Amino acid sequence: MTRQNNPLLSYAKNVFSQNGEDGVIERILELIPETSRWCVELGAWDGKHLSNTHHLMIHRGWSGVFIEGNPVKANELKRTYADNAGATCITTLASFDGDNALDVILSKTKIPKQFGILCIDIDGNDYHVWDSLKKYNPVIVVIEFNPSIPAHIEFVQPKDMGVNQGSSLASLTALGRTKGYELIATTSHNAFFVLEKFYSRFSLVNNTPEALKDRRLEIDIFQLYDGTIVMRGAPRMLWHGIHIRPKDVQMIPFYFRQYPGSMGHWRFFMFRAWRKFRVLREKIFNARHR
């Protein structure tokens, strides 16, 4: 990932954030100084650990709404802001519909309809929660994406609060444009969007996911003529800490990993028998799991 492709990263620094978000946000606010000094953070945890907004709250005098679904962390969040009259701490699991929809939660607070920064980090349904926001119009959106998904792939996880998969940067970028936002930067796991009317202030030559995304955590898989599956990119499952070995992704036994046109008669006969067995086994498995 080069600085010229992602110029805001030259301002990256951590005060409380994890991957330079505090510095990136400071620079964005320098370019949009008229931004309302209100923030919202979903998945606020204790309010300060790896927070993208705590620096603004304690050093810049912002006000904020902090939403955390874990009761233990929500209590820590309330202690963090116990003496801060500008902080509203809410214990609930924000969702995309019903009483826990973000629009509903915010309607019970003093936050203005257009506020400064919305941070969404809820490990899965980030896309759907942002999509559900209709009544409020943050100037800046900082939202988590799944960094292992290649930059050109559109993937949206199921709209289900019981699922934690994450969505791709490409899909979030497409969603942002339907809502009037443009992508301006990414860190390893977070994307930064601003309202379209402010986009020109950032002088970006190319704001596609391919240009702005850190590609080092992606996994690319392709196949060779002989049936070998090759994997390039991050060899480790990011959230489970398990290394992915080349043999783990092979679909064809080593004996049959040869270009079919180069197989001898006997090997090709055995391969066709193995393939028929494999197809039959898949049909039986699919029938049992419908």
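Preceding this paragraph is the structure being described.
The text that follows walks through the structure, step by step, so that each part is easy to find.

What counts, and at which threshold
Residues numbered from 1 in each chain as written. Predicted model: local features only at pLDDT ≥ 70, side-chain atom pairs only at ≥ 80, totals over all residues. Heavy atoms only, no water. Pairing = 2+ DSSP bridges. Helix = DSSP H or I, 4+ residues; strand = E, 2+ residues; numbered from the N terminus. Buried < 20%, exposed > 50% of the residue type's maximum accessible area, 1.4 Å probe, protein only. Phe/Tyr/Trp six-rings, centres within 6.5 Å; stacked < 30°, edge-to-face > 60°. Lys NZ or Arg CZ within 6 Å of the ring centre and 35° of its normal. Core = buried A, V, L, I, M, F, W, Y, C linked by side-chain atoms within 4.5 Å. Contact = heavy atoms within 4.5 Å. Salt bridge = Lys/Arg side-chain N within 4 Å of Asp/Glu carboxyl O. Axes fitted to C-alpha atoms, helices over the stretch in contact; angles between N-to-C directions. Patch = residues over 30% accessible without salt bridge, like charges linked within 9 Å, V, L, I, M, F, W, Y side chains within 5 Å. Areas by Shrake-Rupley, 256 points an atom, 1.4 Å probe, with all protein chains shown as cover. Disulfide = S-S within 2.5 Å. Polar contact = N/O pair within 3.5 Å; in protein donor to acceptor, adjacent residues only side chain to side chain.

As for the pairing of strand β3 (residues 87-91)
Move 1: Here strand β2 (residues 63-68) pairs with β3 via five bridges, running parallel. Residue pairing across strands places Ile 67 opposite Ile 90, the latter belonging to β3.

Remarks on unusual backbone geometry
Move 1: The phi dihedral of Trp 45 falls on the positive side, at around 55°, and the residue is not glycine.
Move 2: As for its position among the elements, Trp 45 is in the loop between β1 (38-42) and α2 (54-59).
Move 3: A positive phi is found at Ser 203, a non-glycine position, where the angle reads about 50°.
Move 4: Among the secondary structure elements, Ser 203 is positioned in the loop between β7 (190-195) and α7 (209-212).
Move 5: The class of Ser 203 is exposed, set by a relative accessible area of 63%.

Overview of the packing of aromatic side chains
Move 1: All told, the structure shown has 10 aromatic pairs when counted by the stated rule.
Move 2: Relative to Phe 256, the ring of Tyr 255 has its centre 5.3 Å away and its plane inclined at 65°; by these criteria the two rings are edge-to-face.
Move 3: Here the aromatic cluster, defined as three or more aromatic residues joined through ring pairs, consists of Tyr 255, Phe 256, Phe 268, Phe 271 and Trp 274.
Move 4: Directly above the aromatic system of Tyr 255 lies the positively charged group of Arg 267, at a separation of 4.2 Å from the ring centroid.

Here we look at the nonpolar core
Move 1: Ranked by size, the top nonpolar core spans 61 residues in total, and within it Ile 28, Ile 117, Leu 118 and Trp 130 carry the most contacts.
Move 2: For Ile 28, the contacting residues outside a window of four places in its chain are Leu 8, Ile 140, Ile 184, Phe 192, Val 194 and Phe 202.

Thoughts on the pattern of salt bridges
Move 1: For the coordinates displayed, the defined rule picks out 12 salt bridges.
Move 2: Between Glu 26 and Lys 13 there is a salt bridge, and its shortest N-O distance comes to 3.2 Å. Of this pair, Glu 26 sits in helix α1 (residues 21-31) while Lys 13 sits in the segment before α1; the two residues are 13 residues apart in sequence, bridging distant segments of the chain.
Move 3: Assessed through its relative accessible area of 16%, Glu 26 is described here as buried.

Concerning the sheet that holds β7
Move 1: If you walk across this open sheet you meet the seven strands as β3-β2-β1-β4-β5-β7-β6, and the pairing is mixed. The open sheet has two edge strands, β3 and β6 (181-186), and neither has a second partner. Looking at each pair of strands side by side, their axes are set apart by 15° on average, direction ignored.
Move 2: Sheet contacts for helix α3 (residues 71-80): β2 and β3; angle to β3, the most-contacted strand, approximately 165°.
Move 3: Packing of helix α6 (residues 169-178) onto the sheet brings it into contact with β5 (140-144), β6 and β7, and relative to β6 it is tilted by some 145°.

Concerning a nonpolar patch on the surface
Move 1: Nonpolar side chains collect at one region of the surface, where Tyr 255, Trp 266 and Phe 269 lie side by side and expose about 380 Å² of accessible area between them.
Move 2: Assignment of secondary structure puts Trp 266 in helix α8 (residues 265-288).
Move 3: Residue class for Trp 266 comes out exposed when judged on its relative accessible area of 55%.

Considerations on the pairing of β1
Move 1: Along β1, five of the five residues are buried, which leaves the element largely enclosed by surrounding structure.
Move 2: Along β1, one buried face is formed by Trp 38, Val 40 and Leu 42 and the opposite face, lined by Cys 39 and Glu 41, is buried too.
Move 3: Here five bridges tie β1 to β2, and the two strands are oriented parallel to one another. Along β2, the bridge assignment pairs Trp 38 with Ser 63.

Let's talk about α6
Move 1: Of all 10 residues making up α6, seven are buried, and the element is well covered by its neighbours.
Move 2: Those residues of α6 that fall on the buried side of the exposure criterion are Leu 169, Ala 170, Ser 171, Leu 172, Thr 173, Leu 175 and Gly 176.
Move 3: Summarising the contacts, the buried residues of α6 are in contact with α5 (126-132), β5, β6, β7 and α7.
Move 4: At the C-terminal side of α6, Gly 180 shows a positive phi close to 90°.

Describing the state of the cysteines
Move 1: Counted under the stated rule, the structure contains zero disulfides.
Move 2: Looking at the unpaired Cys 39, the closest cysteine sulfur is the one in Cys 119, lying at 7.1 Å.
Move 3: Taking relative accessible area as the criterion, Cys 39 reaches 0% and is therefore assigned buried.
Move 4: As a non-bridged cysteine, Cys 89 has Cys 39 as the owner of its nearest cysteine sulfur, 11 Å distant.
Move 5: On the accessibility criterion, Cys 89 (21% relative accessible area) is partly exposed.

Observations regarding the side chain of Asn 207
Move 1: Residue placement: Asn 207 occurs in the loop between β7 and α7.
Move 2: Polar side-chain contacts of Asn 207 include one of 3.4 Å to the side chain of Arg 177.
Move 3: In contact with Asn 207, not counting residues within four places along its chain, are Arg 177, Glu 182, Leu 183, Tyr 199 and Leu 212.

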